[in-house]
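Structural features, examined
Chain by chain, the residues run as shown.
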Number of protein chains: 2
Amino acid sequence: MSRARIDCLIDGRADDRLPADDRGLLYGDALFETMAFLNGRCPLWSRHWTRLRHGAGVLGIPLPEETLVESECRRLLAGDERAVIRLTLTRGSGGRAYWPAPECRPRRILQRRDWPPGIEQQHRSGLRVVRSSIRLEGSPTLGGLKHGNRLEQVLAARECLERGADEAILLDTDGCLAEAIASNLLLLIDGECLAPDSRAAVAGVGLDWLLDQPEAGVRKARLEASDLDRAESIMVINSVAGIRPVRELDGRALEIGGLCRRFQALWTQRLDPPCDD
Amino acid sequence: MSRARIDCLIDGRADDRLPADDRGLLYGDALFETMAFLNGRCPLWSRHWTRLRHGAGVLGIPLPEETLVESECRRLLAGDERAVIRLTLTRGSGGRAYWPAPECRPRRILQRRDWPPGIEQQHRSGLRVVRSSIRLEGSPTLGGLKHGNRLEQVLAARECLERGADEAILLDTDGCLAEAIASNLLLLIDGECLAPDSRAAVAGVGLDWLLDQPEAGVRKARLEASDLDRAESIMVINSVAGIRPVRELDGRALEIGGLCRRFQALWTQRLDPPCDD
C-alpha cells in the first residue's frame with residue numbers, strides 16, 4: 001500500500017502544524033539550517049551541525065541527538081535524488097513573555113522542500129544583482145548565527161523583487177560589505193578572491209567549506225562598499241545553490257570569469273559528483 | 001450548555017495550532033501587540049492599532065479590519081475582568097525562502113492570557129533591576145517597531161533570570177540607554193523626568209501615552225549609560241504593567257519617589273479607573 005508523502009516532521013511525528021505558543025513564532029526564538037541533500041546525503045552535514053551546535057550554545061537551546069535528526073531526514077527524503085530539508089530548532093512553548101521557562105523543552109521541525117528550480121541556469125548565466133538599501137546589523141551576540149530573526153533579509157528580498165533582481169548585496173551598519181540576502185559574497189580584486197569579513201553576515205557553511213579548500217585560495221577581509229566597483233568579478237555562494245556568478249550589478253555588466261568556473265568545478269567534484277541521471 | 005473556553009483564534013477560527021510554514025515561525029516575519037483589557041476594554045487600543053498599522057506599512061503586511069479584530073478580542077475575553085491579548089500579524093505562508101510571495105495572505109493570531117501575577121506588589125515595592133550585557137541594535141529600518149525578531153530580548157531575559165533580577169536595562173550599540181527588556185525607561189535627573197531616545201527601543205504605547213500627558217512633563221532625550229548613576233529615581237513603563245519603580249539597580253538601592261506615585265495615580269485615573277471588585 002502506498003503511503004502519503006510526508007513533508008514535515010515535528011519532534012519526529014508526521015505533522016505540519018505546531019502550537020501557536022511556540023516561541024519560534026512569538027519571538028523568532030529559534031535556529032535553523034537549510035540543507036541540500038543529494039542522493040540521500042547532505043555533503044555539508046557536519047558543517048551545518050557544527051553551526052547549529054554553536055548557535056544552540058549561544059541561545060541556550062538543548063541540541064537534539066544528531067543521529068535522531070539524521071534518521072528523520074532520511075525518512076523525509078524517501079528516495080529523492082535532490083531535495084532541501086530545513087531543520088528548525090525552537091525553544092518550544094512556555095515561559096512568561098520574553099522570559100523563557102526555566103526548563104527548556106525545545107521543538108524540532110523538519111521540512112522537506114523540492115530542489116529549487118533554475119539553479120543550473122543561474123550557474124551558467126549568472127545573476128542580476130542590486131545594492132540593497134537595507135543595512136544589516138552586526139549584533140555582537142547573534143552575529144554569524146543562523147537564527148530565526150530574519151526580517152532584514154525578508155525586507156531586502158521584497159526590495160529585490162520590486163527591482164526585478166535575483167539577489168541583492170547588503171552592507172552592514174558600519175558601511176562595509178556583509179553578504180547577499182541568502183548567500184555569502186566573493187569578490188575577485190587584484191587577482192585575489194576575498195569574502196567580506198563582517199559580523200553582520202551569516203557564517204555560511206558553503207563559504208566555510210570553500211575557505212577550507214587550499215586550492216581555492218579564498219580569504220576573508222574587511223571590504224568597503226567601493227570594493228564592489230573595483231571587483232573584476234563577483235560571485236555568491238550558499239550551501240544549496242553552490243557558487244553562482246553575478247552577471248550584472250545595478251546595471252553594470254560583470255565578467256563571469258574563469259575563477260568562477262574553477263570554483264564550480266571544485267564544488268561539483270567534491271560535494272556533488274555526477275550520478276547516473 | 002457550557003462552551004469550552006477559547007484562548008486562541010487564528011484568522012477568526014478557534015484553533016491553537018498553525019501551519020509550520022508560517023513565515024512568522026520561519027523568519028520572525030511578523031508584528032505583534034500585547035494589549036491589556038480591563039472590563040472588556042483596552043484603554044490603549046488606538047495607540048496599539050496605530051503602531052501596528054505603521055509596522056504593517058513598513059513590512060508590507062496587509063492590516064486586517066480593525067473592527068473585525070476588536071470583535072475577535074471580545075469573543076476571547078468572555079467576561080474577564082482583566083486579561084491580556086496578544087495579537088500577532090504574520091505574513092502568512094508561502095514565498096521562496098526569504099522572498100515573500102507576490103500576494104501576501106497574512107495570518108492573524110489572537111491569544112488570550114491571564115493577567116500577569118505580582119504586578120500590584122511590584123507597583124508598591126518596585127523591581128530589582130540589573131544592567132544587561134546585551135546591546136540592542138538600532139536598526140534604521142525596524143527601529144521602534146514591535147516586530148517578531150526578539151532574540152535580543154529573550155537573551156537579555158535569560159541573563160536576567162540567571163542573575164535573579166526582575167528586569168534589566170539595555171544599552172544600544174552606541175552605548176546609550178535604550179530600554180528595559182519588556183518596558184521603556186524613565187529617569188528622574190535634576191528634577192526632570194526623561195525617557196531615553198534610542199532607535200533601538202520599541203516605541204512603547206504606555207510611554208507614548210505618558211509623553212502625551214502634559215501634567216506628567218516627561219520628555220525624550222539621548223541618555224548615556226552614566227545617567228543611570230545620576231538618576232534620583234528610575235521607573236519602567238509598559239502598557240500592561242503600567243508604571244513600576246526600580247528599587248535596586250545592580251545592588252544599589254534607589255528611592256521610590258513621589259513622582260512615581262503621581263504617575264501611577266495618573267495612570268489609574270485615566271486608564272484603569274477602579275471598578276467594583
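Residues numbered from 1 in each chain as written. Chains lettered and ligands numbered in written order. Predicted model: local features only at pLDDT ≥ 70, side-chain atom pairs only at ≥ 80, totals over all residues. Heavy atoms only, no water.

Considering the overall build of chain A
Looking only at helices and strands, chain A features eight helices and 15 strands. A compact globule built from 277 residues should have a C-alpha radius of gyration of about 19 Å, and chain A, at 19 Å, falls within 12% of that. Viewed in the frame of its principal axes, chain A has a C-alpha envelope of about 50 × 50 × 35 Å. Of all 277 residues assigned to chain A, the portion counted as buried reaches 57%. The long-range share in chain A, meaning contacts at least 24 apart out of those at least 6 apart in sequence, stands at 71%. Here chain A has roughly 11,500 Å² of accessible surface; of this, 47% comes from carbon and sulfur atoms. (Helix = DSSP H or I, 4+ residues; strand = E, 2+ residues; numbered from the N terminus. Rg over C-alpha atoms; globule rule 2.2 N^0.38 Å. Buried < 20%, exposed > 50% of the residue type's maximum accessible area, 1.4 Å probe, protein only. Contact = heavy atoms within 4.5 Å. Areas by Shrake-Rupley, 256 points an atom, 1.4 Å probe, with all protein chains shown as cover.)

Re the domain arrangement of chain A
Residues and elements named next belong to chain A. You can read the domains of chain A as domain 1 (8–115) and domain 2 (120–271). Using only C-alpha atoms to locate each centre, domain 1 and domain 2 end up separated by 25 Å. Opposite the 21 residues of domain 1 that make contact, domain 2 presents 23 residues. Between domain 1 and domain 2, the buried area comes to about 1,700 Å², and carbon and sulfur atoms account for 64% of it. On inspection of domain 1 and its partner domain 2, the count reaches two salt bridges. Counting across the domain 1 and domain 2 interface gives eight residue pairs in polar contact (both at pLDDT 80 or more). Top element by residues in the side of domain 1 that touches domain 2 is strand β4 (residues 30–38). It accounts for eight residues. Each residue belonging to the side of domain 1 that touches domain 2 can be placed in one class, and the counts come to 13 nonpolar, five polar and three charged. (Domains from an automatic or database assignment. Buried area = accessible area lost by both parts, 1.4 Å probe. Salt bridge = Lys/Arg side-chain N within 4 Å of Asp/Glu carboxyl O. Polar contact = N/O pair within 3.5 Å; in protein donor to acceptor, adjacent residues only side chain to side chain. Nonpolar A, V, L, I, M, F, W, Y, C, P; charged D, E, K, R; others polar.)

Quick notes on empty space enclosed by the protein
In total, this model carries two cavities of 30 Å³ or more according to the counting rule given. Here the largest cavity defines a volume of roughly 440 Å³. Contributing to the lining of the largest cavity are 36 residues, with Glu137 and Glu152 of chain A together with Glu137, Asn149 and Glu152 of chain B lying nearest its centre. Mapped by element, the contributors of at least two residues to the lining of the largest cavity are α5 (151–162) of chain A together with α5 (151–162) of chain B. (1 Å grid on protein atoms, 1.4 Å probe; cavity = no way out; pocket = protein on both sides within 12 Å on 5 of 7 lines; lining within 4 Å. Points joined across faces, edges and corners; volume = space filled by probe spheres on them.)

Concerning the relation of the copies chain A and chain B
Under the fitted operation, chain A is carried onto chain B by 0.0 Å of movement along the axis and a turn of 180°, and the coordinates agree to an RMSD of 0.0 Å. As the rotation angle and translation indicate, the two copies are arranged about a two-fold axis. The rotation axis passes nearest to the C-alpha of Leu25 of chain A in chain A, at a distance of 2.0 Å. Most of the interface of chain A is mirrored in chain B, where 100% of its interface residues again form contacts. (Least-squares fit on C-alpha atoms with pLDDT ≥ 70 in both.)

Section: the state of the cysteines
Under the defined criterion, the tally for this structure stands at zero disulfides over all chains. Unpaired in terms of disulfides, Cys73 of chain A finds its nearest cysteine sulfur in Cys42 of chain A, a separation of 7.7 Å. Residue Cys73 of chain A is classed as buried on the basis of its relative accessible area of 1%. Considering cysteine sulfurs only, Cys193 of chain B is the nearest to Cys260 of chain B, which forms no disulfide, with 9.5 Å between them. (Disulfide = S-S within 2.5 Å.)

Thoughts on the packing of aromatic side chains
Considering all chains together, one arrives at ten aromatic pairs over all chains under this definition. Feature note: the residues Tyr27 and Tyr98 of chain A together with Phe32 of chain B constitute an aromatic cluster, connected by ring pairs. Of note, Arg86 of chain A hangs over the ring of Phe32 of chain A, and the distance from its end group to the ring centre comes to 3.8 Å. The cationic tip of Arg96 of chain A hangs over the ring face of Trp99 of chain A; the distance from NZ or CZ to the ring centre is 4.9 Å. (Phe/Tyr/Trp six-rings, centres within 6.5 Å; stacked < 30°, edge-to-face > 60°. Lys NZ or Arg CZ within 6 Å of the ring centre and 35° of its normal.)

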